[in-house]
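Observations on chain architecture
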Amino acid sequence: MTSWLPLSPGERSVAIEVLVHGPLSRTELARRLNLSQGSLTRLTKPLIESRLLVEVAEAGAPAEVRQGRPSQPLDVVAESRRFLGFKITEDMVYGVVTTLRSDIVARLDRPLSGHDPAGVADLLAGMAAELAARHPALAGIGIGVGGLVRERAVVGESPFLQWRNVPLAELVQRRTGLPVVVENDVAALVEAETWFGAGRGLDRFVVLTIGAGLGYGLVLGGKRVPCAEEDRGFGRHWIIDPNGPLTPDGRRGSAVSLLTIPSIRYQIRAATGRDAGYEEILARAAAGEPMAARVIDEAARALGALVAQIANFAMPQKILLAGEGVGLLDVAGDTVRETIAAHRHPLADPVGLETKVSDFHDWARGAAVLAIQVLVLGAGEA
């Protein structure tokens, strides 16, 4: 199979435009990239010869007319390569296989029995081998980890895994023989939503995740804004209510203390002496149980205030709420929306708020998108 690499900057821009927005006619592609037809022909020729791009039939055109027409749209060969994406949590590894356009074609999950880096790498390599047996032509691996990641290779710090300075990319690549990209899991999810999801085609876009922690990603000019302090405490110092609850993780009344699943469970446990799962707490709040209703109401108001503040300062066209904690909107969505409105100018445009009920396979898909960007297209290296 012909290699696509290395792509020149011009070839890369063409490939990305078609991958994210295609199929596109040559005329439209030239317009989008401000290229002459001659320059576009020069750039697309090697991409077609290497089978990264292919000419496709125009919808509705007779078969005898479709062949050999210069106006035929270009599209990527989505099935020509497969990618592995892994999301590592405290007690599980979630794996997916995707196409070049990030469609999930297989899933494989395994429990994580320990956090020893070599043992985790062994588990990832075993899962990769199992998936590769069913899905050949794997081009690379992306791994999402909750924590600080350096140079898309080393986990500098991960509180969930209790890791410091773990060269995860090297450990997995040595065992699999495949190129590996490691990234903060929220950053990977933001990249996936920017290219293939809720943020596609938007200039200003925000992803806010609610779950075991809080995650935040900002997209400006269609590109994610990287941050050296990624996943090093977003929300722990963002004070929503100075008189709010004090929990083990986060300052009093912070977004983390009010909104995350562990904090909500902690508040219920401290008040009742009984542990309860997040879904149970939501159900009890919906049924009007006073303590659960109070905690969930506080969380909803905190979320509304946080969304409004993000909208006021970042002015995004859309905010995507994702993560395992978004069930809060099902129970207290009206409170969230009322609080957003109360913290916005009366004449401000409504916040473009979208909720995505996601599981950890979506996070794994995000890691696979990082592999597509970096290993295949050489993009997203900022």
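Preceding this paragraph is the structure being described.
Residues numbered from 1 in each chain as written. Predicted model: local features only at pLDDT ≥ 70, side-chain atom pairs only at ≥ 80, totals over all residues. Heavy atoms only, no water.

**Section: the pairing of strand β5 (residues 104-111)**
Pairing of strand β4 (residues 92-98) with β5 involves seven bridges; the strand directions are antiparallel. Residue pairing for β5: M92 is matched across the bridge by P111. Where β4 hands over to β5, the hairpin turn is made up of five residues, of which S102 adopts a positive phi near 70°. (Pairing = 2+ DSSP bridges. Helix = DSSP H or I, 4+ residues; strand = E, 2+ residues; numbered from the N terminus.)

**Let's talk about the sheet that holds strand β6 (residues 138-145)**
Sheet strands pair by backbone hydrogen bonding; their relative direction is either parallel or antiparallel. Read from one edge of the open sheet, five strands run β5-β4-β3-β6-β10, paired in mixed fashion. On the outer flanks of this sheet lie β5 and β10 (180-184), each paired with one strand and no other. Direction aside, neighbouring strands of the sheet carry axes that sit 20° apart on average. Note: strand β3 (residues 82-88) against β4, six bridges, orientation antiparallel. Each residue of the ladder has a partner; that of L84, found in β4, is V97. Lying on the sheet, helix α13 (residues 360-376) is in contact with β3, β4, β5, β6 and β10; it crosses β3 at an angle near 130°. (Axes fitted to C-alpha atoms, helices over the stretch in contact; angles between N-to-C directions. Contact = heavy atoms within 4.5 Å.)

**Things to note about the pattern of salt bridges**
Tallied over the full model, the rule gives 26 salt bridges. Between R224 and E191 there is a salt bridge whose closest N-O contact spans 3.1 Å. Residue R224 is found in strand β13 (residues 223-224), and its partner E191 is found in helix α7 (residues 185-196); the two are separated by 33 residues along the sequence. E191 carries the same exposure label as R224, and that label is buried. A salt bridge links R274 to E280, with the nearest nitrogen and oxygen atoms 3.1 Å apart. (Salt bridge = Lys/Arg side-chain N within 4 Å of Asp/Glu carboxyl O. Buried < 20%, exposed > 50% of the residue type's maximum accessible area, 1.4 Å probe, protein only.)

**Focus: the sheet that holds strand β12 (residues 214-220)**
One open sheet holds the five strands; their spatial order is β13-β12-β11-β14-β15, and the pairing between them is mixed. Strands at the two margins of the open sheet, each flanked by one partner only, are β13 and β15 (353-355). As paired elements, strand β11 (residues 204-210) and β12 share seven bridges and run antiparallel to each other. Looking at β12, one finds that R204 is bridged to L220. Contacts from helix α11 (residues 290-314) reach β11, β12, β14 (318-322) and β15, with the element oriented near 160° to β11.

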